[in-house]
Amino acid sequence: MAIGAGALIGLAVLFFALRDAGPISAHRVEIAVDGVPVRMSRDLLLPAHGFTLQVVFDPPIDPAHPPELVVELREERTGLTIEIQDRLVLREEFATFTVPESLGISEGLLAVGARATFTGGDVAQDWRRIRIRPFFGGPPIGARQIIHFDFTIDRDGDGRPDFEHDLEGMGLASPESPELVRSIAASVAARALARVKRAYDAPGDPNRTGLERDPVAVRFQLAPAPLESDRPYSTRICVGGRDPMAPGSVGHVRFDLGNARRASDECVGESQAGLFPAELGIYRESALHREVFAPFDAAAGGVPFGEGAGDSAPGGTRREQIERAVAVLGDVLGTLMAHEAGHTLGLVAPGKPGAGLFGGETGEAFAHAITPDGEEAALPSLMDRGRRFSFEELAGVGGELHFRPLDYAYLRDRVVLQADKRAKNSATPVVAVD
Ligand SMILES: [Ca+2]
Ligand SMILES: [Ca+2]
């Protein structure tokens, strides 16, 4: 009964609001948070500051002739009302505002109203309620997290990085020349790291901050943290070799809900984890994989790099082929590294907001992105289930994979996961995810 009455009152308020606005407007506005589609952001919990608020225009506007726009925030508990007008950043499709700490918003329900008055007197408005919650124990990412991708792991104990052996196995460097292997390994690692950094410094402003850049505050590096004081914030993920317990897995790490463990070593211990480039052969049916690696693959009639005629010459076809192979392998590995790093940072929390972030709860979908309907999204994103991706998608053919705006908002400490649910989830065993 109470719910029914609430809904009726809500409808009445909306009805009068629409009637007050006069004739039906040709323009619509919708309030959104963190650039997340409204359908996915409905039950999100937000921190007291740092999140972004949008007024989305339908149809888009001409920023040279913007509507008169008023956004009002009202704390339901205290009645505190704040009007925002001049601090809105205007784009064609939306106006946006990052809520600063200085606004002093406190925990509880926040009513947000937006009214746009267009030239000619047309008015469009929207309002919604937002739930503000504190971060218990601090935000999940914070400011000091480091992820160290270690390409020097030597699990088989032969005194050489396993990754070098992987490259030889693919024919990308002849075992005859240790110097060549080291140089190719360094090139692939650098290319992969650059790809990871692009994922965490996303183009396209996923959270609609209105800023040129909005990088995640995590340092990604190929060397261990040099300072003792950085160690408590450093996670090591290794690249190289195979996991004998999980043949065919190109990578897996332990999922870390809420980034409860800032310092961790994903390379050693009971459950072996990391990236396993030697398993990329699972994609050998892909046209791109064939095209790129066949020239060096003895099994496909190729010649390992360093053993072919003209391999030591500065230019030529072989040189172009190896550069392309390094680039594709680096981009594929980097995409997988960005995905696994996401798991160690807490993506994607299983369940719906406010406990989860639309992460799957069972099987292969566990801790991977799903839609509010529990399906796989039509367009792939970086935290989809690993086996969904084709080799071409991992390589960024037709556009690189990105984090969903919701996942990015988590990485930027712009959403809060409900603490009581989190405690319950943490009690479940930590499992490795692909
Ligand atoms: Ca080794
Ligand atoms: Ca972690």
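On a predicted model such as this, the values are computed, not experimentally measured, just so you know.

Rules and cut-offs
Residues numbered from 1 in each chain as written. Chains lettered and ligands numbered in written order. Predicted model: local features only at pLDDT ≥ 70, side-chain atom pairs only at ≥ 80, totals over all residues. Heavy atoms only, no water. Phe/Tyr/Trp six-rings, centres within 6.5 Å; stacked < 30°, edge-to-face > 60°. Helix = DSSP H or I, 4+ residues; strand = E, 2+ residues; numbered from the N terminus. Buried < 20%, exposed > 50% of the residue type's maximum accessible area, 1.4 Å probe, protein only. Donors = N, O, S within 2.8 Å, 3.2 Å for Na, K, Ca; no water. Contact = heavy atoms within 4.5 Å. Pairing = 2+ DSSP bridges.

Trainee: So what exactly am I meant to see when it comes to the packing of aromatic side chains here?
Mentor: Each aromatic ring pair is summarised here by two numbers: the centre-to-centre distance and the angle between the ring planes. Applying the stated criterion across every chain, the model contains 8 aromatic pairs. For the ring pair Y200 and F220, a centre distance of 4.5 Å and an interplane angle of 45° mean the geometry is tilted. Of this pair, Y200 sits in the loop between α4 (178-199) and β11 (219-221) while F220 sits in strand β11; the two residues are 20 residues apart in sequence, bridging distant segments of the chain. Note on Y200: relative accessible area 2%, which makes it buried. Here F220 falls in the buried class, since its relative accessible area comes to 6%. When the ring of F255 is compared with that of F366, the centres are 5.5 Å apart and the planes differ by 90°; the resulting orientation is edge-to-face. Taken together, the positions of F255 in the loop between β13 (251-254) and β14 (264-265) and F366 in the loop between α6 (317-345) and α7 (391-395) put the pair 111 residues apart, joining distant regions of the chain. F366 sits in the buried class, given a relative accessible area of 18%.

Trainee: Just to check I follow, could you spell out the coordination of the calcium ion (ligand 1) for this structure?
Mentor: In an ideal tetrahedron of four donors about a metal, each angle is 109.5 degrees. In an ideal octahedron of six donors, the angles are 90 or 180 degrees. Surrounding the calcium ion (ligand 1) are the protein donor atoms D154 (OD), D156 (OD), D158 (OD), R160 (O) and D162 (OD), which sit 2.3 Å from the metal. Read from N- to C-terminus, the donor residues coordinating the calcium ion (ligand 1) fall into the pattern D-x1-D-x1-D-x1-R-x1-D. Residue classification places D154 among the partly exposed residues on the basis of a relative accessible area of 26%.

Trainee: Would you explain the side chain of D384 in this entry?
Mentor: Checked against the element boundaries, D384 lands in the loop between α6 and α7. Setting aside chain neighbours within four positions, we find D384 in contact with H339, H368, A369, L379 and F389.

Trainee: Where do I start with the pairing of strand β9 (residues 123-132) in this structure?
Mentor: Two faces belong to every sheet, and in a regular strand the side chains alternate between them. Where strand β2 (residues 45-46) and β9 come together, 2 bridges link them in parallel fashion. Note that in β9 the partner of L45 across the bridge is R131. Taken together, the 10 bridges between strand β8 (residues 108-117) and β9 define a ladder with antiparallel strand orientation. Its bridge partner being in β9, A114 is matched across the sheet by D126. Between the end of β8 and the start of β9, which pair antiparallel, lie 5 residues, with G120 showing a positive phi angle near 95°.

Trainee: So what exactly am I meant to see when it comes to the coordination of the calcium ion (ligand 2) here?
Mentor: Surrounding the calcium ion (ligand 2) are the protein donor atoms D256 (OD), N259 (OD1), R261 (O) and T344 (O), at 2.3 Å. Read N to C, the donor residues that coordinate the calcium ion (ligand 2) are spaced as D-x2-N-x1-R-x82-T. Exposure remark for N259: the relative accessible area of 2% places this residue in the buried category. For R261, a relative accessible area of 25% translates into the label partly exposed.

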